[in-house]
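The primary structure of each chain is shown beneath.
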Amino acid sequence: MEQFKDAHYFHIPSQGNIYTMTELRLANGKSLVLAASLKRDIFYFEYSEASLSLDPATKEISFTYIPSGAEIISIDAFNKSSITNEAVIGITIIKNSNDSDTLETFLNIYSQLEEHEDFNIENIAQNCLTVELNFIPYQLMHTELITWKGDKIAKKEIVFILTGSDNLVHIYHENTSEHSYKDIDNRDLFPEFGKTPSPVIWIDICHLNNYEERVTAFGCECGYVKLLKVNTKTNKVIYNFSTRFSNYISKVQLYFENEVKHPDHFGKIISKIATEKKDARQVLNLIVVNSLLPSVLFRDVLKYGLSDYLTLARHNNSTVFTSCIVADIDFDGQKEILLGTGSEEIILYKRDIKENKWYLEEIKNLVAPILSMTYLDISGDGVKELIVSSMKGIHVLQHDPKFVQKKLTERVDALVIPKIV
């Protein structure tokens, strides 16, 4: 990870948690980051265009209906449209009741009143719909709800998914006619979510075959992990696997394995791509991040379920694992696994393709315990940045331009220069 350079850092007055950083992608393809602290402070970060450069811009946003003394638990955001900006931001909060020692919890949903080409987060922050909760909120995320008519998609909506202390997973659907969000019965639309043995800490969802199938994985506080595949046309469970670890689950992540085979020269590109597409089979893997035990990689879960797995080596038995991302950060065509820890480290794992094994390659140190990470193109230059949320603030790590140029040259040479044997 030596190619990553510290591009920017901004301090947050009080710490967040594993749920308090999210990405918002706008209609023009631009991405920005929203970061919250437990003590009501919410910031957004982006790169703004100056005359001849991109300048980092951080601004604190005052969201309405977050009372003094309330704590932010989780935040999530999405854009309902790919053409215009219809941003929706969800924030869960918890506050002490004035009348008793009980806690009051709410889901605040902020959105624009109408479609607009311009994005104005300050206007969004003033338009709030509040949903009162009767449980302590955990992870807030979103996914697509698909309605089928025969073999065609009749409607595609985005719904909020919220896990809670009541050992349930709640689905919040927008009622456009009443301009409200309601908790809908998920047994019919999301049969994979039933009563769990303990609160669900993390959910990840992946859609397959043009949204005909949905793969869902989730991990619970007690170590229970479940993997299911659902037919979205019939809303029937196709398969259902589960296992249990002996400690707290920090995160689960589904990802597609990729193997990019570079052609020897330009003349073989078309035939090579055609062959790869014809023979390609989707290989979906699942990573389970245990807080204290080694993280576990379940390989090809569409074929083997949870039966084919390996553990990722750890270098320190006292390390607490908090987060995970999977991305090709060195541009070699193979995805790497990055684990964030409470020991102020990012641990990089690479795959040995010949032996089909993973090994610990590198450790990068930061200045604070890591809460969460994301990998996105926030600068808009076509190269993604590693965004890290720590107990002290948000770190933006950018690829060294010389490293990017070197990799680009290698890729171009591989395409146009014949390999001489």
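The present account deals with the structure reproduced in this document. Just so it is clear, the structure is predicted and the values come from calculations on it, not from any experiment. (Residues numbered from 1 in each chain as written. Predicted model: local features only at pLDDT ≥ 70, side-chain atom pairs only at ≥ 80, totals over all residues. Heavy atoms only, no water.)

**Notes on the state of the cysteines**
- Counted by the stated rule, this structure contains zero disulfides.
- Of all cysteine sulfurs, the one in Cys206 lies closest to Cys324, which takes part in no disulfide; the gap is 15 Å.
- For Cys324, a relative accessible area of 1% gives the class buried. (Disulfide = S-S within 2.5 Å. Buried < 20%, exposed > 50% of the residue type's maximum accessible area, 1.4 Å probe, protein only.)

**Section: the nonpolar core**
- Leu34, Ile42, Phe63, Ile66, Ile89, Ile91 and Tyr110 are the most contacted members of the largest nonpolar core, which has 24 residues in total.
- Within the residue set of this core, elements represented by two or more residues are β3 (31-36), β4 (42-49), β6 (71-79), β7 (87-96), β8 (103-111) and α1 (121-124).
- When near neighbours in sequence (up to four residues on either side) are disregarded, Leu34 contacts Thr20, Met21, Thr22, Phe43, Tyr44, Ile75, Ala77, Ile89 and Ile121.
- If you look at the next biggest cluster of nonpolar residues, it comprises 23 residues, including Ile18, Trp202, Leu208 and Ile249. (Core = buried A, V, L, I, M, F, W, Y, C linked by side-chain atoms within 4.5 Å. Helix = DSSP H or I, 4+ residues; strand = E, 2+ residues; numbered from the N terminus. Contact = heavy atoms within 4.5 Å.)

**Quick look at the sheet that holds β3**
- With antiparallel pairing, four strands are arranged side by side in an open sheet as β2-β3-β4-β5. The outermost strands of the open sheet, each flanked by one partner alone, are β2 (21-25) and β5 (54-60). Adjacent strand axes in the sheet meet at a mean angle of 25° when their direction is disregarded.
- When β3 meets β4, the two strands line up antiparallel, connected through four bridges. Paired with Val33 across the two strands is Phe45, which belongs to β4. (Pairing = 2+ DSSP bridges. Axes fitted to C-alpha atoms, helices over the stretch in contact; angles between N-to-C directions.)

**A look at the pattern of salt bridges**
- For the coordinates displayed, the defined rule picks out 18 salt bridges.
- A salt bridge links Lys233 to Asp151; the shortest N-O distance between them is 3.1 Å. Of this pair, Lys233 sits in the loop between β16 (224-231) and β17 (236-244) while Asp151 is found in the loop between β10 (137-149) and β11 (152-164), placing the two residues 82 residues apart along the sequence.
- With a relative accessible area of 64%, Asp151 lands in the exposed category. (Salt bridge = Lys/Arg side-chain N within 4 Å of Asp/Glu carboxyl O.)

**Quick word on the packing of aromatic side chains**
- Under the counting rule described, the total for this entry stands at 13 aromatic pairs.
- Between Phe78 and Phe160 the ring centres are 5.2 Å apart and the planes differ by 55°, which places this aromatic pair in the tilted class. With Phe78 in strand β6 and Phe160 in strand β11, this residue pair connects regions lying 82 residues apart in the sequence. Taken as a pair, Phe78 and Phe160 share a single burial class, namely buried.
- One aromatic cluster is present, formed by Phe10, Phe43, Phe45 and Tyr47 through successive ring pairs.
- In this structure, Lys233 packs its charged tip against the face of Trp148, placed 4.9 Å from the ring centre. (Phe/Tyr/Trp six-rings, centres within 6.5 Å; stacked < 30°, edge-to-face > 60°. Lys NZ or Arg CZ within 6 Å of the ring centre and 35° of its normal.)

**Digging into a nonpolar patch on the surface**
- Taken together, the side chains of Leu408, Val412, Leu415 and Val416 make up a nonpolar region of the molecular surface, amounting to roughly 320 Å² of accessible area.
- Along the chain, Val412 turns up in helix α5 (residues 401-416). (Patch = residues over 30% accessible without salt bridge, like charges linked within 9 Å, V, L, I, M, F, W, Y side chains within 5 Å. Areas by Shrake-Rupley, 256 points an atom, 1.4 Å probe, with all protein chains shown as cover.)

**As for the side chain of Asn108**
- As for its position among the elements, Asn108 is in strand β8.
- Residue Asn108 is classed as buried on the basis of its relative accessible area of 1%.
- A distance of 3.1 Å separates the side chain of Asn108 from the side chain of Thr130, its partner in a polar contact.
- Ignoring sequence-local partners within four residues, the contact set of Asn108 consists of Thr64, Tyr65, Ile66, Ile89, Gly90, Ile91, Ile93, Cys128, Leu129 and Thr130. (Polar contact = N/O pair within 3.5 Å; in protein donor to acceptor, adjacent residues only side chain to side chain.)

**Considerations on the pairing of β17**
- The pairing of β16 with β17 spans eight bridges and is classified as antiparallel. Note that in β17 the partner of Asn231 across the bridge is Lys236.
- In sequence, β16 turns back onto β17 through a hairpin of four residues, with Asn235 there showing a positive phi of about 55°.

**Notes on unusual backbone geometry**
- The residue Asn167 is not glycine, and still its phi comes out positive at about 65°.
- Looking at the element boundaries, Asn167 is found in the loop between β11 and β12 (169-175).
- Here Asn235, not a glycine, exhibits a phi torsion of approximately 55°, which is positive.
- Among the secondary structure elements, Asn235 is positioned in the loop between β16 and β17.

**Re the sheet that holds strand β20 (residues 296-298)**
- One open sheet accounts for four strands, arranged β18-β19-β20-β21; its pairing is antiparallel. Each of the sheet's edge strands pairs with one partner strand only, and the pair in question is β18 (249-256) and β21 (309-311). In this sheet, adjacent strand axes meet at a mean angle of 15° when their direction is disregarded.
- Here three bridges tie strand β19 (residues 284-290) to β20, and the two strands are oriented antiparallel to one another.

**Side note on the environment of Ile94**
- Tracing the chain through its elements places Ile94 in strand β7.
- Judged by its relative accessible area of 12%, Ile94 is buried.
- Sequence separation between Ile94 and Leu38 is 56 residues; the distance between their C-alpha atoms is 9.7 Å.
- Not counting residues within four places of it along the chain, the set of residues in contact with Ile94 comprises Ala70, Glu71, Ile73, Leu103, Glu104, Thr105 and Ile136.

**What about the environment of Ile205?**
- Note on placement: Ile205 falls in strand β14 (residues 200-208).
- For Ile205, a relative accessible area of 15% gives the class buried.
- Each C-alpha atom, one on Ile205 and one on Gln253, is 8.4 Å from the other, the two residues being 48 residues apart in sequence.
- Apart from residues no more than four positions distant in its own chain, Ile205 is found in contact with Met141, Thr143, Ile161, Phe193, Arg214, Val215, Thr216 and Leu254.

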